[in-house]
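Examining the three-dimensional arrangement
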Amino acid sequence: MAGLCGFAVILASPSRPAFAQGKLEAQYEATLAGIPVGRGAWNIDISDDQYSASAVGGTAGLLKTFASGTGSSNAQGRVVNGVLVPTNYTATTSTPKKSETIHMALSNGTIKESAIEPEPPVDPDRIPVTDAHKKGVFDPMTGAMLRVPGTADPVSPEACRGSAAEFDGRMRYDLKLEFKRMETVKSEKGYRGPVVVCAIYFTPVAGYIPDRPVIKHLSAARNIEIAFAPVLGTRILVPYRLVIPTYLGVAMLEATSFVTTPTPPRVAKTN
């Protein structure tokens, strides 16, 4: 679940101040070749000056019979002129044999602190991450929220014109979007309406092992796509569905419940 959620992008082009506010409570199901393998939840709260996001997930269905695992991630940051500026990120994964936690602190797009607990062994085949790789980046959770500047409907082809640099605590990579089509979705609970479908291209930069098959596959793939739906009351879009073809069949993460509501602006107290 964490791996699928990671393949999303933020477009952080500044525009006029947009002090919009909204919330999202969503449930997702992950499938492989049509077989359920995982479930997760994602909550987002965006105010006029700050935001928070949290996600939890775990294996389910047939996969849980062979290998169980859970994961969670959290991100917080500021909203500056409508742009999401991350400050903290934490991600934890657990299996019966291993648990790992990643902590990151960010300031204006630069990783100020980063740690993996327990510290992993050094792999000489891994491309080193330098200080330069940790500048001008987003964490994966904030990177899963796409901001569309301007005043027109954000659910449009314009949303797919962007690229971003991300660092997940171990690997630095670039993601690029390209418009594919518009669709209409109908979740089991909550949102019913248009989504914008983008192609997404993955380019590893550092912190990865070049010979690993998954890196080679994702780098060469030209058929990964992601559908974005809006967080009402804001100009933020988030993944509604993600499709990644694999050697074992199509891997898909899709919302089953997508409940989003605008939040009324806070009114200043007067005497």
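Computed from a predicted model, the values in this text were never measured in an experiment.

**A closer look at the pairing of strand β4 (residues 70-80)**
- Both strand β3 (residues 50-59) and β4 contribute to a ladder of 9 bridges, which runs antiparallel. Counterpart to V56 in the pairing with β4 is S72.
- In this sheet, strand β5 (residues 83-94) lies alongside β4 in antiparallel orientation, the contact comprising 11 bridges. Looking across to β5, one finds that G71 is bridged to T93.
- Connecting the antiparallel pair β4 and β5 is a turn made up of 2 residues, with N81 showing a positive phi of about 55°.

**Some words on the environment of V205**
- Of note, V205 is situated in strand β12 (residues 192-206).
- When the C-alpha atoms of V205 and D174 are compared, they prove to be 7.1 Å apart, with 31 residues separating the residues in sequence.
- Ignoring anything within four residues of it in the chain, the contact list for V205 reads I127, H133, R172, Y173 and D174.

**Quick notes on the side chain of D139**
- Locating D139 in the fold gives a position in the loop between β7 (110-117) and β8 (146-147).
- Put simply, D139 is tucked away with no salt bridge, and the nearest opposite charge, on R78, sits 12 Å away.
- At 2.9 Å, the side chain of D139 forms a polar contact with the backbone nitrogen of M141.
- Discounting residues that sit within four places of it in the chain, D139 has contacts with A75, P86, Y89, M104, L106, E166 and F167.

**Section: the nonpolar core**
- Judged by nonpolar contacts, the single largest core of 63 residues is most densely connected at W42, M145, V238 and F258.
- Residues contacting W42, with those up to four places away along its chain left out, are L24, E25, A26, Y28, A53, S54, A55, M141, A144, M145, V238 and P239.

**Focus: the state of the cysteines**
- Within this structure, the stated rule accounts for 1 disulfide.
- Covalently, C160 is tied to C198 through a disulfide, its sulfur atoms 1.9 Å apart. The chirality of the disulfide connecting C160 with C198 is left-handed, given an S-S dihedral of about -70°. Pair noted here: C160 is in the loop between β8 and β9 (163-167) and C198 is in strand β12, with a separation of 38 residues, a long-range link.
- Looking at C160, the relative accessible area reads 3%, which means it is buried.

**Things to note about the confidence of the model for the protein**
- On average, residues of the protein carry a pLDDT of 88, and 88% of them reach 70 or more.
- A low-confidence stretch, residues 1-19 (pLDDT under 50), is modelled with 75 contacts involving residues beyond four sequence positions or located in other chains.

Parameters and conventions
Numbering of residues starts from 1 in each chain and follows the order in which that chain's sequence is written. Selection of residues for local features in this predicted model requires a pLDDT of at least 70, selection of side-chain atom pairs for listing and counting requires 80 or more, and totals for whole chains, interfaces and linings are taken over all residues. Hydrogens are left out, water is left out, and the side-chain values use all remaining heavy atoms of the structure. Strand pairing requires that DSSP identify at least two bridges connecting the strands. Strands are runs of DSSP state E lasting at least two residues, helices are runs of H or I lasting at least four, and both sets are numbered from the N terminus onward. In this description, contact between two residues means that some pair of their heavy atoms is separated by no more than 4.5 Å. Here the term buried applies to any residue with accessible area under 20% of the maximum for its type, exposed to any over 50%, and partly exposed to those in between, with areas from a 1.4 Å probe on protein chains only. In this tally Asp and Glu are treated as negative and Lys and Arg as positive; neither His nor the chain ends contributes. Salt bridge criterion: a side-chain nitrogen from Lys or Arg within 4 Å of a carboxyl oxygen from Asp or Glu. Residues adjacent in sequence count toward polar contacts only when both atoms are side-chain atoms; beyond that, a polar contact is any pair of N or O atoms within 3.5 Å, and within protein one must be able to donate a hydrogen and the other to accept it. In plain words, nonpolar cores are sets of buried Ala, Val, Leu, Ile, Met, Phe, Trp, Tyr and Cys residues tied together by side-chain atoms within 4.5 Å. Only a pair of cysteine sulfur atoms within 2.5 Å counts as a disulfide in this structure description. pLDDT is defined as a per-residue confidence score from the predictor, taking values between 0 and 100.

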